[in-house]
Amino acid sequence: MSTWDTPENPPPAANSHSESHANGTFDTGAMQAAIVDADASNSAAQAGRVDPENSRRARELGWVEPQSFDYGARAPTTVLHAEEPVDEENGDEMVSRHQSSTWAHDAAKYEWDAEYGDVGPRNEKLEAELFRADFHNRAGEKFKNLITVKVIVESKTRVEPIQDFKSAGLHPVMLENVELCGYEFATPIQAYAIPAVITGHDMIGVAQTGSGKTAAFLVPCISQLMGKVKKLAAPRPNLAVGFDPARDRVRAEPLILVVAPTRELCCQIFDEARRLCYRSMMRPCVAYGGAPIRDQVAQLARGCDLLVATPGRLLDYMSRPDILSLSRVRYTIIDEADQMLHSDWEEDMAKIMGGGDANEDGDHRYLLFSATFPKRLQRLAAKFLDTDHIHVSIGRTGSTHANVKQQVLWADQDKKMRALYDLLISMPPSRTLVFVRFKKTADFVDDYLFNLGLPSTSIHSDRTQIEREDAIRSFKAGQSPILVATGVSARGLDIRNVMHVINFDLPSAEHDGQNEYIHRIGRTARIGNEGLATSFYNERDEPMGEFLTKILMETNQEVPDFLQHFKPEDGVLNFDEDDEEEDQDTMTTDGGASGGAWGSGGDSGNAGNVGGADADNTAADSWGTGGDDGASGNRGGW
């Protein structure tokens, strides 16, 4: 025993502590007081780091006050079996059958009552939350630019695009939900995807960022099952009369499975599913890492007809057959499919697409969607699909649309921080995404802007899930309208009124930088709205120079002087896809014959079928241009 612990030899101490030492204990009061003093000193130091002059300037220019994350706050929890909370203002019951937390998986959804008929009654409170919240994107004034594009369709069976949602053969409840969502016109990818799903085809859909791909796969899949849920779905408890987990819990057996690579994208798709499942028996759930498994399992145990999940959490639940079974799945949807098919995900995707107790019957359809989809990955994807699958490409694969105003500015590496601040201060306050290449850079940039009085926050994979969800909420609400992010947010994030995307660091050309650039700038100018994308460029970004030049030329935007030498001498833009030399018509599976076009767009006229009766059909419709598109018919005016 050391002399410190021996009662006969206590350490030197003040008289007030001698008794506790003699009893073999140590008084921590003095240390606790010191910690409090240290906390106060740190808080004062933090306040001192905020530049008062720049902070005052930011307020004068209209930027809101920066808000710190409360690290002392408790993690959100779910009170799973409490009495049903009541809205004190109007007496209405909450829609969810347990008290919701701030976790995304606990968001309120329409809960079915066994007493309902084929269509559930309206719920005004939930309807306001789902459809009339300020954070939902709305179609902008430049929607026409989004639909005036070339459409290429490859299939053995000709697909007629829908003229409008009302004539698409959708379930009546789905039509009402589409109207509540504010979808007035179908985008090109929606116009082709909806009939492809309704006619029972597998599909690859490639369309520009912000063109409505999520609705393109959710609307037809949910609509097709709305009238069949009672027949196809697994037994479930009647949540309207209460829920006893010991007696009523069930295994989740979804009819629709959506897989996406990031947690934020999964939560976003789940939100859209909540809207489109409104007043139906379809019950959506979401599963993603970083959040409490107990709470997610509690949601699944109440029944699940549509599951949105990240691969890691999905595989975890697939290994626990008491929690999840995929034996009833009718539609498997892979969003951002090009990323999911990379070698990093190969083993996981093989398990998801055909592992466990997955439904292998002929009524199981597979849909793959993305904004960028290299042909080598398209061929890999085709292995999972039927030979009569439909391939729809909207515009050039990997292109961006003219609604994004792009500018490339020279910024020396050691001056980029100040250049970023000057750029933000020179612009009207607006919701702005700042992309960086590394996680530590995101923290540095966030701290730099915050200490200069700008309302910033950050998101990357080293932040906890609580912090990530808080950052997204603050960004959406405008409390922190500047979000510094790594590539974790570049895929699929759809937030209203993101007016400016800044590439503080351009992506690395060696790590799929061209596709990442398209996804990054696609966070603005969504669904026909306009936006600005600014990229800082210096000698380190030379490998991206040629690509940036071609993208600027393709959208008729100004090429800066320091990129002029990358312009092709003949003026022809060749985007060097990894296997561009191969003809598109060779992209068939299981020995399918290559074929010619059954129609062509623009002023090309009808090319005719040159591949024989069993040939693949390829169409190139000029969507919304008003030109003569031969056999395919003019789709102008959508």
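Residues numbered from 1 in each chain as written. Predicted model: local features only at pLDDT ≥ 70, side-chain atom pairs only at ≥ 80, totals over all residues. Heavy atoms only, no water.

The name that an unreviewed UniProt entry assigns to the protein chain is RNA helicase, with the source organism given as Exophiala spinifera. The UniProt entry for the protein chain carries the following comment under Catalytic activity (unreviewed entry): "ATP + H2O = ADP + phosphate + H(+)". (UniProt positions renumbered as here; feature names shortened; annotations may be inferred.)

Trainee: Residues and numbers for empty space enclosed by the protein, please.
Mentor: Taken as a whole and judged by the stated rule, the model has three cavities of 30 Å³ or more. When its volume is computed, the second largest cavity comes out at roughly 40 Å³. Lining the second largest cavity are Ala233, Ala234, Pro235, Arg236, Arg251, Ala252, Glu253, Gly303, Cys304 and Asp305. (1 Å grid on protein atoms, 1.4 Å probe; cavity = no way out; pocket = protein on both sides within 12 Å on 5 of 7 lines; lining within 4 Å. Points joined across faces, edges and corners; volume = space filled by probe spheres on them.)

Trainee: So what's going on with the packing of aromatic side chains? Which residues, and what values?
Mentor: According to the stated counting rule, one finds 10 aromatic pairs in the structure shown. When the centroid spacing of 5.1 Å and the interplanar angle of 85° are considered together, the rings of Trp112 and Tyr116 count as edge-to-face. Through a chain of ring-to-ring contacts, three or more aromatic side chains come together here, namely Tyr110, Trp112, Tyr116, Phe131 and Tyr278. The cationic tip of Lys416 hangs over the ring face of Phe504; the distance from NZ or CZ to the ring centre is 4.9 Å. A cation over a ring is seen here: Arg431 above Phe475, with NZ or CZ 6.0 Å from the ring centre. (Phe/Tyr/Trp six-rings, centres within 6.5 Å; stacked < 30°, edge-to-face > 60°. Lys NZ or Arg CZ within 6 Å of the ring centre and 35° of its normal.)

Trainee: Give me the sheet that holds strand E13 (residues 498-503): which residues, what numbers.
Mentor: Read from one edge to the other, the open sheet built from six strands follows the order E9-E14-E13-E10-E12-E11, with strand pairing classed as parallel. Strands at the two margins of the open sheet, each flanked by one partner only, are strand E9 (404-410) and strand E11 (456-459). Neighbouring strand axes in the sheet, compared pairwise and without regard to direction, differ in orientation by 20° on average. Bridge count for strand E10 (residues 431-435) against E13 is five bridges, and the pairing is parallel. If you follow Thr432 over to E13, its bridge partner there is His500. (Pairing = 2+ DSSP bridges. Helix = DSSP H or I, 4+ residues; strand = E, 2+ residues; numbered from the N terminus. Axes fitted to C-alpha atoms, helices over the stretch in contact; angles between N-to-C directions.)

Trainee: Requested: an account of the environment of Gln564, with residues and values cited.
Mentor: Relative to the helices and strands, Gln564 resides in the loop between helix H21 (545-554) and strand E15 (597-600). Relative accessible area serves as the criterion here: at 32%, Gln564 is assigned to the partly exposed category. Along the chain, Gln564 and Gly545 lie 19 residues apart, while their C-alpha atoms are 9.5 Å from each other. (Buried < 20%, exposed > 50% of the residue type's maximum accessible area, 1.4 Å probe, protein only.)

Trainee: Please give an account of the UniProt feature "short sequence motif: Q motif" (unreviewed entry) in the protein chain that cites residues and values.
Mentor: Residues given the UniProt feature "short sequence motif: Q motif" (unreviewed entry) here are residues 163-191. The annotated region residues 163-191 carries 48% helix and 0% strand content, and the separation between its end C-alpha atoms amounts to 7 Å.

Trainee: Explain unusual backbone geometry to me, using residue names and the numbers behind them.
Mentor: Of note in the backbone geometry, Arg279 takes a positive phi value of approximately 65° without being a glycine. Its location among the elements puts Arg279 in the loop between helix H11 (263-276) and strand E4 (284-287). You can call Arg279 buried: its relative accessible area is 13%. Phi is positive for Ala525, which is not a glycine, with a value near 55°. Structurally, Ala525 is set in the loop between helix H20 (513-521) and strand E14 (531-537).

Trainee: Quick rundown of the pattern of salt bridges? Include the residues and the values.
Mentor: For the structure on display, the rule yields 33 salt bridges. Of the charged contacts, one joins Arg59 and Glu65 as a salt bridge, the two residues approaching to 3.7 Å between their closest N and O atoms. A relative accessible area of 24% places Arg59 in the partly exposed class. Notably, a salt bridge pairs Arg468 with Glu264, separated by 3.0 Å at the nearest N-O pair. Remark: Glu264 occurs in helix H11 and Arg468 occurs in helix H19 (residues 465-477); sequence separation between them is 204 residues. For Arg468, a relative accessible area of 5% translates into the label buried. Glu264 gets classed as buried once you look at its relative accessible area, which sits at 9%. Each member of the salt-bridge network shares a partner with another, and the members are Arg122, Glu124, Glu127 and Arg132. (Salt bridge = Lys/Arg side-chain N within 4 Å of Asp/Glu carboxyl O.)

Trainee: Tell me about the environment of Leu573, and please be specific about residues and values.
Mentor: As for its placement among the helices and strands, Leu573 is situated in the loop between H21 and E15. Residues Leu573 and Met553, 20 residues apart in the sequence, show an inter-C-alpha distance of 8.2 Å. Among residues more than four places away in sequence, those in contact with Leu573 are Lys550, Met553, Glu554 and Pro568. (Contact = heavy atoms within 4.5 Å.)

Trainee: Break down the layout of surface pockets for me, citing the residues and quoting the values.
Mentor: Remark: the empty space left among the atoms is shown by a probe the size of a water molecule rolled over them. As a volume, the second largest pocket reaches approximately 850 Å³. Looking at the second largest pocket, it is lined by 31 residues, and the ones nearest its centre are Gln339, Gly487, Val488, Arg491 and Glu516. Every element with two or more residues in the lining of the second largest pocket is listed here: H11, helix H13 (311-318) and H20. The element contributing the most residues to the lining of the second largest pocket is H20, with four residues. In the lining of the second largest pocket, the residues fall into eight nonpolar, 12 polar and 11 charged. Here the lining of the second largest pocket spans two domains, since at least three of its residues come from each of domain 1 (104-394) and domain 2 (404-566). (Nonpolar A, V, L, I, M, F, W, Y, C, P; charged D, E, K, R; others polar. Domains from an automatic or database assignment.)

Trainee: Let's hear about helix H4 (residues 124-131): which residues, and what values?
Mentor: Given 3.6 residues to a turn, an α-helix orients residues that are three or four positions apart in the same direction. Considered for burial, the residues of H4 that qualify are Leu126, Glu127, Leu130 and Phe131. End-on view of H4: buried residues confined to an arc of 105°, all on one side of the axis. The inward-facing, buried residues of H4 contact helix H6 (172-181) and H11. A distance of 3.2 Å separates the backbone nitrogen of Lys125 from a side-chain oxygen at the start of H4, and that oxygen is part of Asn123. (Arc of directions from axis to C-beta. Polar contact = N/O pair within 3.5 Å; in protein donor to acceptor, adjacent residues only side chain to side chain.)

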